[in-house]
Amino acid sequence: MIRLQWLGHSCLLFDADGTRIVIDPFLTGNPTAPIKAADLKPDFILISHGHNDHVGDAVELARRSGAIVVTNYEIGNWLEEKHKLTRIHGMQHGGGYNFPFGRVKLTLALHGSALPDGSNGGNPCGFLITFKDGKKVYDAADTGLFGDMKLIGEEGLDLALLPIGDYYTMGLDDAVRAVKLLAPKRVVPIHFNTFPPIRQDAMAWAERVRRETACEPVVMKPGDWLDL
Ligand SMILES: [Zn+2]
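Just so it is clear, the model here is predicted, and its values are computed rather than measured. (Residues numbered from 1 in each chain as written. Predicted model: local features only at pLDDT ≥ 70, side-chain atom pairs only at ≥ 80, totals over all residues. Heavy atoms only, no water.)

For the rest of this paragraph, the subject is the packing of helix 5 (residues 172–182) against helix 6 (residues 202–212). What describes two packed helices is the angle between their axes and the distance between those same axes. Put simply, helix 5 and helix 6 touch, their axes get as near as 10 Å, and they point 35° apart. Both helix 5 and helix 6 take part in a crossing whose hand is right-handed. Contacts from L172, D173, A175, V176, V179 and K180 in helix 5 reach W205, R208, V209 and E212 in helix 6. (Axes fitted to C-alpha atoms, helices over the stretch in contact; angles between N-to-C directions. Helix = DSSP H or I, 4+ residues; strand = E, 2+ residues; numbered from the N terminus. Left-handed = near helix turned anticlockwise from the far one by under 90°. Contact = heavy atoms within 4.5 Å.)

Here is the structure:
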C-alpha cells in the first residue's frame, strides 16, 4: 500500500509498504510545514534541484537517518565532497534506477539549480517513480510548462504533482495545460501559498481541471494523507 503525505511547498513523503521516501525536504523555514524535520526518519531522500526550498533539511536529515539520497550528479558530488555523505545516487535526466521500492527516473524541468552556497547544482529535474505495485507517480517539482510532458504522460500516470504557484514555476493556466499533456488519473497541486508571491486559489484551479479534463484534482492541506 502506498500513501502520500504533503508536507507543504514541494515536500512529499511517500510511505510504500513501510519504506519512507521524502522528496525535497524543506521543513525548517517553511511557514506551512505541518511537522519538523526531526519528526522524519526517511529511508530515501530525493532532491530535485539545488535551491534552498528543496535541498532544505536534506543534509541534516541524511546524516541523522542514514537515508540514501537520490538526486542529480552535481548535487550528489556536492553532498559527497562538501558534506561527506556517502550513500548517494547522483543520476542524470532520462536515466532511471531500480530501488527496492521501485524505479526512479529523472525527468526534465525548466528551472535553476544553484546550490545554497553558490556551487553548481547541475540541471533541475522532476521524478517519475514506478512503485513496485505498478503505480506511476510524476513529481514535476519546480518547472515551467514544456511540451515533452506529453511523453511523460504516455507512461500512464496514476498521479501527478504539479506546481501551480506561478512566479517561479507554472501558474494556474499552464498547470491546466500540463494536466492535459500528462493526462494523469489524479493531480495534486504543490508549490503554492508558502510565500506571498506564490499565493494561489487552488480550489479555483481544481474546478478548472475538473471542467476541462478527465483528471481528478485533489487539493491537499499540508499534513494531509492520500492513498494511491
Ligand atoms: Zn521551489
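Moving on, we get to the environment of D39. Topologically, D39 is positioned in the loop between strand 3 (19–23) and strand 4 (44–46). As a C-alpha pair, D39 and L61 span 22 residues in sequence and 9.9 Å in three-dimensional space.

At this site the zinc ion is bound by D53 (OD), H54 (NE2), D142 (OD) and H191 (NE2), with donor distances of 2.1 to 2.3 Å. Between the four donor atoms coordinating the zinc ion, the angles at the centre fall across 90 to 167°, so the site counts as irregular. On the accessibility criterion, D53 (17% relative accessible area) is buried. Judged by relative accessible area, which is 1%, D142 ranks as buried. (Donors = N, O, S within 2.8 Å, 3.2 Å for Na, K, Ca; no water. Tetrahedral: all angles 85-135°; square planar, octahedral: opposite > 155°, others 65-115°. Buried < 20%, exposed > 50% of the residue type's maximum accessible area, 1.4 Å probe, protein only.)

Side chains K136 and Y138 of strand 10 (residues 136–139) all project onto a buried face; the interleaved residues V137 and D139 project onto the opposite face, where all are buried too. With antiparallel pairing between neighbouring strands as the criterion, strand 9 (residues 125–131) and strand 10 make up a hairpin whose turn holds four residues, including G134 at a positive phi of roughly 100°. Note that strand 10 and strand 11 (residues 159–163) share three bridges and pair parallel. Bridge pairing in strand 11 places D139 opposite L161. (Pairing = 2+ DSSP bridges.)

On to the layout of surface pockets, then. Of the pockets and cavities examined, the largest pocket occupies roughly 160 Å³. The wall of the largest pocket is formed by H93, G94, K105, L106, T107, L108, L128, F146, D148, L151, I152 and E155. Contributing elements (two or more residues each) for the lining of the largest pocket: strand 8 (102–108) and helix 4 (149–153). Take the lining of the largest pocket: its biggest share by element is four residues, from strand 8. Tallied by class, residues from the lining of the largest pocket come to six nonpolar, three polar and three charged. (1 Å grid on protein atoms, 1.4 Å probe; cavity = no way out; pocket = protein on both sides within 12 Å on 5 of 7 lines; lining within 4 Å. Points joined across faces, edges and corners; volume = space filled by probe spheres on them. Nonpolar A, V, L, I, M, F, W, Y, C, P; charged D, E, K, R; others polar.)

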